[in-house]
Amino acid sequence: MGDPINLIGDWLRNLMTGWGLPENLATFILTVMGVVVMASFLLILDIALVWLERKVVARFQDRIGPNRLGPFGIIQPFADIIKLLIKEDITPQGADRIIYNIAPLFALATVLMMWAVIPFAPTILGADVNVAVLYIVATGAVGTLGVIMAGWASNNKYALLGAFRTVAQMVSYEVPMVIALLIPVLLARSMGLQAIVDAQQPWFILVAPLAAAIFLVTSIAELGRAPFDINEAESEIVAGFHIEYTGMKFGLFYAGELLHALTVSALVATLFLGGWRGPFVDQVPILGVFYLFVKAFLIYYVIMWIRYSFPRLRIDQMLGFSWKFLTPLALVLLILTAILDKAMEGATPLVYTLVMLGMNILLVWATVQVLRTYARVERRRVAERRPVATATEADFKELIGQE
Amino acid sequence: MSVYQIVFLITAVVTLGAAVMVVSARSLVHSALWLILALFGVAVTFALLSAPFFTVVQVVIYIGAISILMIFAIMLTRRVMQDTGPGVNQGWWMALLLSFLLFGGLAWMLSTWEGFGTALPALPEGVDQVKALGVALVSPNAYVLPFEVASVLLLAALIGSIVVAWEKK
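Conventions we followed
- Residues numbered from 1 in each chain as written.
- Chains lettered and ligands numbered in written order.
- Predicted model: local features only at pLDDT ≥ 70, side-chain atom pairs only at ≥ 80, totals over all residues.
- Heavy atoms only, no water.
- Helix = DSSP H or I, 4+ residues; strand = E, 2+ residues; numbered from the N terminus.
- Rg over C-alpha atoms; globule rule 2.2 N^0.38 Å.
- Domains from an automatic or database assignment.
- Contact = heavy atoms within 4.5 Å.
- Buried area = accessible area lost by both parts, 1.4 Å probe.
- Salt bridge = Lys/Arg side-chain N within 4 Å of Asp/Glu carboxyl O.
- 1 Å grid on protein atoms, 1.4 Å probe; cavity = no way out; pocket = protein on both sides within 12 Å on 5 of 7 lines; lining within 4 Å.
- Points joined across faces, edges and corners; volume = space filled by probe spheres on them.
- Polar contact = N/O pair within 3.5 Å; in protein donor to acceptor, adjacent residues only side chain to side chain.
- Nonpolar A, V, L, I, M, F, W, Y, C, P; charged D, E, K, R; others polar.
- Phe/Tyr/Trp six-rings, centres within 6.5 Å; stacked < 30°, edge-to-face > 60°.
- Buried < 20%, exposed > 50% of the residue type's maximum accessible area, 1.4 Å probe, protein only.

Peer 1: Lay out the overall build of chain B with the relevant residues and their values.
Peer 2: From N to C terminus, chain B includes six helices and zero strands. Counting helices and strands in the order they occur from the N terminus, chain B gives α-α-α-α-α-α. In summary, chain B has a C-alpha radius of gyration of 21 Å against a globular reference of 15 Å for 169 residues, an excess of more than 25%. In terms of overall dimensions, chain B has a C-alpha envelope of 55 × 55 × 25 Å along the principal axes.

Right, dumping it as structure tokens:
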């Protein structure tokens, strides 16, 4: 009784085979129905995300947020949607019409595609592919393509700049992200997300907290959210890649971004917070959906918290952060995890977790020491008198060739 | 004809059509986007052959990395994005002839191979293909030497790019 989804699925399958449909056709129809139900559920959830986002950002900025329509402004997102739908739909002059129009679809559809492999409960998941982790990376990369297409097709310099920045950001942040993703794969001995959830006793956040942190940071960078939102930096390139989009086309980008944030949260929850794991989930599988979304929204809140608390980074700082800090750290972490994992073959889970946790804490401590040394050197360098400032008046006259 | 074959034929037509568009499209960015569609078609073909690992690797590497870098390079060269000259030169028939000869030769060679006409063998149940691939890559009886050579080559390329980009003080 604890699994209504599969119950309905079986009932429908029996109904259809009862009508004389062949078995594989029934499976095909059920799969299509599953996709439609899942996508609709997520898109409806997306409407709630708009409200949540606006309400939370308002609180972070010491405002009240939407409060006019319905209790706590809960009808506000519907008003937003109506507004977006009745706005004039503009395609700028000189834009590449076809690419311009499919780019927003790309941005939203690739996010929806990621949910195909996320397990909702022990018995409820879209596809249990054995390469789910790589699939996530692949869909993320295709999603970036939507941003690039939008930036190029808009025939706008700001949009093109936004697209450039996106590429630089994505190419560099994908490296530490993939390395961080390797750690849960290594711990679970599988790339399938269901297998990774099954292996989480205890949760991987205790075994590999640093990997979780690196994955979260790099995911936020791939999302293009503050502090990594240089691809749409309002103060520099106005709105970057979606500067020319109006009405619902912009709405698709916006919905895609919000849903992508929730997707990343669900991924962090699945990979590091035990996914659908929770009390009584073995008896009542549907509870797993509830646990997954509770954990996902917890991470979603953290992402919003980071977004509204940090200023935007400069592009050189961002790329430096990825290449000089996150990538080496992730590599060292991966090597240490692999060595310790091999060395502790046959250890009890408690010892295993404690040693891994200790290794992570030691690595954080070492990193902080290195950073402090670096900061000291950097402060000294900045504090030094610069060559231009130390030039005397005579030097200056010599420089410009006057006496 | 099974559903499987229909899907394969659609994929093949889309892949080949996109590949033709890559060489005939006027705008370089369009060519790159058609190339992405063609590479997607190849990924779908891998999926049809029940090779999920190759499917996602095809997407990650060819679409996620190579194509995006190509688009990046193309977008940086604004002037060549719209080429107004003729799309072909006088030697077009030679290229056509050569490609037909190559295709015909390959098709003929494959048709003489015994595996050409047989149906796809079903994979044994319960075998983790990814694990098998990973073991094969590092097993001394299988592909450890090519794997290591490729790693060394990539490392050399990495170091080389650092040397090229090194700022001389």
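Peer 1: Give me the lowdown on unusual backbone geometry, citing residues and values where you can.
Peer 2: All names here are of chain A. Pro-202 follows Gln-201 through a cis peptide bond whose omega is 0°. Phi is positive for Asp-62, close to 60°, though the residue is something other than glycine. Along the chain, Asp-62 turns up in the loop between helix H2 (23-60) and helix H3 (76-86). One non-glycine residue, Arg-189, lies in the positive phi region at around 60°. The residue Arg-189 is located in the loop between helix H6 (157-188) and helix H7 (193-198) in this model.

Peer 1: Quick rundown of the domain arrangement of chain A? Include the residues and the values.
Peer 2: Residues and elements named next belong to chain A. Along its sequence, chain A is organised into domain 1 (1-86) and domain 2 (87-382). The distance between the C-alpha centroids of domain 1 and domain 2 comes to 23 Å. At the interface, 24 residues of domain 1 touch 30 residues of domain 2. Of the roughly 2,400 Å² buried between domain 1 and domain 2, counting both surfaces, carbon and sulfur atoms make up 76%. When residues of domain 1 are sorted by the area they lose upon contact with domain 2, Glu-53, Phe-60 and Leu-84 head the list and together hold 26% of the total. Counting every contact that joins domain 1 to domain 2 gives one salt bridge. Among the salt bridges present, the one from Glu-53 reaches Arg-307, with a minimum N-O distance of 3.0 Å.

Peer 1: Can you break down the layout of surface pockets residue by residue, with the values?
Peer 2: Its boundaries defined by the atoms lining it, the largest pocket holds a volume of some 2,200 Å³. Around the largest pocket, the lining is made up of 43 residues, and of these Leu-134, Val-178, Leu-182 and Leu-334 of chain A together with Phe-147 of chain B lie nearest the centre. If you tally residues by element for the lining of the largest pocket, the top one is H6 of chain A, at nine residues.

Peer 1: Report on the interface of chain B and chain A, specifying residues and quantitative values.
Peer 2: Taken residue by residue, the interface counts 25 residues in chain B and 22 residues in chain A. If you sort the residues of chain B by the area they bury against chain A, Val-56, Ile-68 and Met-75 of chain B come out on top, with a joint share of 27%. Where chain B packs against chain A, one counts zero salt bridges. Joining chain B to chain A, the criterion identifies zero residue pairs in polar contact (both at pLDDT 80 or more). For the side of chain B that touches chain A, the secondary-structure elements that each account for two or more residues are helix H2 (28-48), helix H3 (52-76) and helix H5 (129-138) of chain B. With 13 residues, H3 of chain B is the single largest residue contributor to the side of chain B that touches chain A. In terms of residue class, the side of chain B that touches chain A is built from 18 nonpolar, four polar and three charged.

Peer 1: Describe the packing of aromatic side chains, and please don't skip the residues or the numbers.
Peer 2: Residues and elements named next belong to chain A. Applying the stated criterion across every chain, the model contains 16 aromatic pairs over all chains. Between Tyr-301 and Trp-305, the ring centres sit 6.0 Å apart and the planes meet at 45°, which makes this aromatic pair tilted. Of this pair, Tyr-301 and Trp-305 both sit in helix H12 (residues 287-309), separated by four residues, roughly a single helical turn. The exposure class assigned to Tyr-301 is partly exposed, which follows from its relative accessible area of 39%. A relative accessible area of 47% means that Trp-305 is categorised as partly exposed. Linked through ring pairs, Phe-41, Trp-115, Phe-120 and Phe-293 together constitute an aromatic cluster.

Peer 1: Pulling in residues and values, what's your account of the pattern of salt bridges?
Peer 2: Under the definition given, this model contains eight salt bridges over all chains. Overlapping salt bridges, with partners in common, bring together Glu-53, Glu-257 and Arg-307 of chain A in one network.

Peer 1: Please set out empty space enclosed by the protein residue by residue, giving values where relevant.
Peer 2: All names here are of chain A. Applying the stated criterion across every chain yields a total of one cavity of 30 Å³ or more. Taken as a whole, the largest cavity spans an internal volume of roughly 60 Å³. In terms of lining, the largest cavity is formed by Met-114, Ile-136, Gly-140, Met-177, Phe-215, Ser-219, Glu-222, His-260, Val-264 and Leu-267.

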